[in-house]
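Notes for the structure review
Chain by chain, the residues run as shown.
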Amino acid sequence: YNVSAAGDHSGQAVLSGGSGAGLSDILKILDIAWLIGSAAVLAWFVISNIRFALKLKKERKLIDHSAVPADVPDHVDVYMSGIVETPCLFGIFRPAIYITAESCEDEAVFRHVVMHELTHLRHYDHVWSVLRGICIALHWFNPFVWCAAFLSKRDCELACDETLITRMDDSG
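Predicted, not measured: the structure shown is a model, and the values here were computed from it.

1. A closer look at the overall build of the chain
Helix and strand counts for the chain stand at five helices and six strands. Classification of the 172 residues of the chain by burial places 27% in the buried group. Of the accessible surface of the chain, which amounts to about 12,000 Å², a share of 63% is contributed by carbon and sulfur atoms.

2. Notes on the nonpolar core
In this structure, Val-72, Val-78, Ile-97 and Ile-99 are the most contacted members of the largest nonpolar core, which totals 15 residues. Listed by contribution, the elements that provide at least two residues to this core are strand S6 (96–99) and helix H3 (107–122). For this core, the leading source of residues is H3, giving six residues. Ignoring any residue separated from it by four or fewer positions in sequence, one finds Val-72 in contact with His-65, Val-78, Val-114 and Leu-118. In terms of nonpolar packing, the next biggest core, distinct from the first, is built from seven residues, Leu-56, Phe-90, Ala-96 and Tyr-98 among them.

3. Some points on the packing of aromatic side chains
As enumerated under the stated definition, the model contains four aromatic pairs in all. Ring centres 5.7 Å apart and planes at 90° place the aromatic pair Trp-140 and Phe-141 in the edge-to-face group. Taking the ring centre of Tyr-79 as reference, the NZ or CZ of Arg-60 above it sits at 4.1 Å.

4. Side note on H3
Over its 16 residues, H3 extends 22 Å from the first C-alpha to the last, a length consistent with the 22 Å expected when each residue adds 1.5 Å. Along its buried surface, H3 packs onto strand S4 (78–81), strand S5 (88–90), S6, helix H2 (101–104), helix H4 (125–138) and helix H5 (143–171). Of the residues that open H3, the one with a side-chain oxygen 3.1 Å from the backbone nitrogen of Ala-108 is Asp-106.

5. A word on the sheet that holds S5
Strand order in the open sheet formed by four strands is S3-S4-S6-S5, with mixed pairing between adjacent strands. On the outer flanks of this sheet lie strand S3 (60–62) and S5, each paired with one strand and no other. Taken over all neighbouring pairs, the strand axes of this sheet differ in orientation by 35° on average, direction set aside. With three bridges connecting them, S3 and S4 associate as antiparallel partners. Bridge assignment links Leu-62 to a residue of S4, and that residue is Tyr-79. The sheet contacts of helix H1 (residues 23–58) involve S3, S4, S5 and S6, and relative to S5 the element is tilted by about 110°.

6. Some words on the side chain of Glu-117
The topology assignment puts Glu-117 in helix H3. Buried within the structure, Glu-117 lacks any salt-bridge partner; its nearest side chain of opposite charge belongs to Lys-153, at an N-O separation of 10 Å. In terms of polar contacts, Glu-117 uses its side chain to reach the backbone amide nitrogen of Leu-89, at 3.2 Å.

7. Observations regarding H5
Helix length check: H5, at 29 residues, gives a terminal C-alpha distance of 42 Å against a target of 42 Å (1.5 Å per residue), a fit within 8%. Those residues of H5 lying buried are Val-145, Ala-149, Cys-156, Cys-160 and Leu-164. Looking at the packing, one finds that the buried side of H5 touches H3 and H4. By the N-cap criterion, in which a side-chain oxygen at the helix start approaches the backbone nitrogen of a residue two or three places on, H5 is capped by Asn-142, the distance to Phe-144 being 2.9 Å.

The rules behind each value
- Residues take numbers from 1 onward in each chain, read along the sequence in its written order.
- Given that this is a predicted model, residues contribute local features only at a pLDDT of at least 70 and side-chain atom pairs are listed and counted only at 80 or more, while totals for whole chains, interfaces and linings are drawn from all residues.
- Working from all heavy atoms in the structure, the side-chain values ignore hydrogens and water.
- Counting from the N terminus, the helices are DSSP H or I runs at least four residues long and the strands are E runs at least two residues long.
- Using a 1.4 Å probe on the protein chains alone, a residue whose accessible area is under 20% of its type maximum counts as buried, one over 50% counts as exposed, and one in between counts as partly exposed.
- Residue burial considers only the protein chains on display, and all accessible areas are found by Shrake-Rupley using a 1.4 Å probe.
- Nonpolar cores are built from buried Ala, Val, Leu, Ile, Met, Phe, Trp, Tyr and Cys residues. Side-chain atoms within 4.5 Å join them into one set.
- Contacts: residue pairs with any heavy atoms within 4.5 Å of one another.
- The rule is short: rings of Phe, Tyr and Trp, with Trp giving its six-membered ring, pair when the centres are within 6.5 Å, and they are stacked under 30 degrees, edge-to-face over 60, tilted in between.
- Throughout this description, the term charge over a ring refers to an Arg CZ or Lys NZ atom that lies within 6 Å of the ring centre and within 35 degrees of the ring normal.
- A helix's residues, less one, multiplied by 1.5 Å, set its expected span.
- Between N or O atoms, a polar contact is any pair within 3.5 Å; within protein, one atom must be a potential hydrogen donor and the other a potential acceptor, and residues adjacent in sequence are included only when both atoms are from side chains.
- At least two DSSP bridges between two strands are needed for those strands to be called paired.
- A fitted line through C-alpha atoms represents every axis, and for helices the fit uses only the stretch in contact; the resulting angles, taken between N-to-C directions, go from 0 to 180 degrees.
- Only four residue types enter the tally: Lys and Arg on the positive side, Asp and Glu on the negative side; His and the chain ends are excluded.
- Salt bridge criterion: a side-chain nitrogen from Lys or Arg within 4 Å of a carboxyl oxygen from Asp or Glu.

Now the structure itself:
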């Protein structure tokens, strides 16, 4: 490569030389690599969530709304499922609460678990989860984004716990 500061380049150094691969070719390759990585990560998120949703639909039992705490709105279904290892809120457009069989064994535990998941709904944590997934898909190459997503999920749990504990302290 020859570095030249002469000519009409306003004092900027100009690289010229032997290989046919210029900066624009390298940027095109990086763009394609980024696009493939983003598509792969996004596809993984979508496919894993669809699979989970299909498993949940097969292996769930609707809990009668009269058995759930009165705070739960009528449009929010509560299911018992052997698929989930821990209680969770799942779904974007019609989120539902999924709880374990063990959570149903004790009335106080059942109420606290359902109220915890309802707090996730009130905080829009199911929407934040999608946004975390989009950020990871767009910035799959950046370990700081993965770390931020992990910390964001943890913060959602801590905020939910704090809200629920505060409510419990205020009510009794």
